[in-house]
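What follows is each chain in one-letter form.
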Amino acid sequence: MTILIVFICIALLIVLISVFKINAFLAFLAVSFLAGLALGLPPSKIPSSIEKGMGDVLGSLAIIITAGAMLGKLVAESGAAQKIAKVSMTIFGEKYIQWAMVLTGFLIGIPLYYGIGFVLMVPLIFSVVYRYKLPALYIGLPMLAALSVTHGFLPPHPSPAALVVQFQADMGLTLFYGLAIAIPAIILGGPIFARTLKAIPANPLASFSPKELTEEHLPGGFKSFFTTLLPVLLLAVASFVPMLLRPDAVILPYILFAGNPSVVMLIVLIVATWLLGITQGKKITEIMLIYADAIKDIALILLIIAGSGALKQVLTESGVSNQIAAYLQHVKAEPLFLAWMIAAIIRFCVGSATVAGLTTAGIIVPLMEHTHTNPNLMVLAVGAGSLMFSHVNDAGFWMFKEYFGLTLKDTFKSWALMESIVGIAGLLGVLLLKIIIA
């Protein structure tokens, strides 16, 4: 009955948005209240649950998304996006530009969380799309597939890292196996799948539309790339430098502070204001107007993401994930496949890859120990399952839809299908690895 209620709520959300054209944020709020009542949450606790869900998701993303939008707008207005697109096309050519995007997404996806990587790479994607009139999904999806796979499969991302600890797996070996599985999954879900999406119309956020400037007014190539990729460099340094220091090193707290994604984005925005604004002849008042316009463009996106967090929290607090996991625990199947399936179904119901992975871990540990299943492969099986079935209760689904200007139907045909392709490819890779290393 619980699963049926979840299905009905998700179907209602889709109908409200796509058929009745209700604003997505309002639809999320209405369905969140109905879901809480239908799933038996005390009525007095439903509003606080919704507020917590909205606060949790915005608390981690609000500064990053708003600062990222400001940076992206300045990159476009200053001509840096035009310069980046020109240099990228010169180096790789149109024929190989997809692979350039995949490589970029993969390299930055290892140290960065998905949401941060998405926001930072959107200006780079759209600079190429607008400058050379290429299909947005054809260019953007390969990079985002790489970001998504690294988020679900590879430590040090939250869910895989936590699974390594809970399953008592080997971090290095899990990362090695994960790379072997991730690369084919990215190729299938990214460049190969994206070729089938060229006909899907996309209207990327106008904020990132590059301002066409003459060559003498463009910033230099180094200045353009340095400013755009500076967040990645700072976050990567903050991730790896602490590994080289002693835990009691005096400088460590300052590195961790400076490496916080919100702090990084503020630092980068200050640097960008100087390099792409003031040194390019713009007055500070003109730069602030650019930033204000950027906020207007992403305000609704923030609300929609908050709405998805509200629904996720209601579903999580109702105990849906635990009920599903407890039921499937008694199904007789290959342990790796069973773990993948549990994670996939929980992901469908609650919308969070991290929640799906960690919930599955608590259920599958006894079975893994009883069957002596390889813990490194179990981490990857759960990670692959947690990427499956991304849809309307997933913040990533809405970020992709709104940034790329897609219809709900086309978001399912592109983003949701890509996530399922990499999830299935991951499962097949795990099962193949089990045969090879047995």
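In this text, all values refer to a predicted model and were calculated from it rather than measured experimentally. Counting of residues starts from 1 at the beginning of each chain's written sequence and follows it residue by residue. Only residues with pLDDT of 70 or above have their local features reported here, since the model is predicted, and side-chain atom pairs are shown and tallied only from 80 upward, although totals for entire chains, interfaces and linings are computed over all residues. Remark: hydrogens and water are excluded; side-chain values derive from all non-hydrogen atoms of the structure.

### Some details on the pattern of salt bridges
Within this document, salt bridges are pairs made up of a side-chain nitrogen of Lys or Arg and a carboxyl oxygen of Asp or Glu, the two lying within 4 Å of each other. Tallied over the full model, the rule gives eight salt bridges. When the shortest N-O distance is used, the salt bridge between Glu 334 and Lys 434 registers 2.8 Å. In this pair, Glu 334 sits in the loop between α13 (320-328) and α14 (335-350) while Lys 434 sits in helix α18 (residues 408-437), placing the two residues 100 residues apart along the sequence. For every residue, the accessible area obtained with a 1.4 Å probe (protein chains only) is divided by the maximum for its type, and the residue is called buried under 20%, exposed over 50%, and partly exposed between those limits. Residue classification places Glu 334 among the partly exposed residues on the basis of a relative accessible area of 29%. You can call Lys 434 partly exposed: its relative accessible area is 34%. One salt bridge in this structure joins Arg 347 and Glu 419, with 3.6 Å as the shortest N-O distance. Note that Arg 347 is positioned in helix α14 and Glu 419 in helix α18, a separation of 72 residues in sequence. Put simply, DSSP H or I for four residues or longer makes a helix, DSSP E for two residues or longer makes a strand, and each gets a number counted from the N terminus.

### What to know about the nonpolar core
One broad trend across soluble globular proteins is that nonpolar side chains are buried collectively. For this analysis, a nonpolar core means a set of buried residues of the types Ala, Val, Leu, Ile, Met, Phe, Trp, Tyr and Cys, connected via side-chain atoms within 4.5 Å. By size, the foremost hydrophobic cluster in this structure holds 146 residues, and its most contacted members are Phe 118, Phe 167, Tyr 403 and Phe 404. When residues in this core are grouped by element, the largest group, 14 residues, is from helix α12 (residues 284-317). A contact between two residues is defined here by any heavy atoms of the two lying within 4.5 Å. Beyond its immediate stretch of four places on either side in the chain, Phe 167 contacts Ala 361, Ile 364, Val 365, Met 368, Pro 375, Met 378, Val 379 and Val 382.

### Some thoughts on the state of the cysteines
Criterion for a disulfide: a pair of cysteine sulfur atoms within 2.5 Å. Counted according to the given criterion, the structure contains zero disulfides. Free cysteine: Cys 9, not disulfide-bonded; nearest cysteine sulfur from Cys 349 at 11 Å. Residue class for Cys 349 comes out buried when judged on its relative accessible area of 1%.

### Brief notes about the environment of Pro 160
Locating Pro 160 in the fold gives a position in helix α7 (residues 158-167). In sequence terms Pro 160 and Val 379 are 219 residues apart; their C-alpha atoms lie 6.4 Å from each other. What Pro 160 contacts, discounting residues up to four positions off in sequence, is His 151, Gly 152, Phe 153, Leu 154, Pro 155 and Val 379.

### Remarks on the packing of aromatic side chains
Paired rings are identified among Phe, Tyr and Trp, the last through its six-membered ring, by centres lying within 6.5 Å, and are further divided according to the angle between planes into stacked (under 30 degrees), edge-to-face (over 60) and tilted (the rest). Within this structure, the stated rule accounts for 13 aromatic pairs. Look at Phe 118 and Tyr 403: their rings are 5.3 Å apart centre to centre, the planes differ by 75 degrees, and that puts the pair in the edge-to-face class. Of this pair, Phe 118 sits in helix α5 (residues 114-132) while Tyr 403 sits in helix α17 (residues 395-404); the two residues are 285 residues apart in sequence, bridging distant segments of the chain. The buried category is assigned to Phe 118, whose relative accessible area is 0%. Ring geometry for Phe 337 and Trp 340: centres 5.9 Å apart, planes at 25 degrees, overall stacked. A residue pair is termed a helical-turn pair when its members lie 3 or 4 positions apart in one helix, as Phe 337 and Trp 340 do in helix α14 at three residues. Accessibility expressed as a relative area gives 10% for Trp 340, which makes it buried. One aromatic cluster is present, built from ring pairs that chain together Phe 126, Tyr 130, Phe 400, Phe 404 and Trp 415. Both a distance and an angle decide whether a charge sits over a ring: NZ of Lys or CZ of Arg must be within 6 Å of the ring centre and within 35 degrees of the ring normal. Its end group placed over the ring of Tyr 138, Lys 198 keeps NZ or CZ at 4.4 Å from the ring centre.

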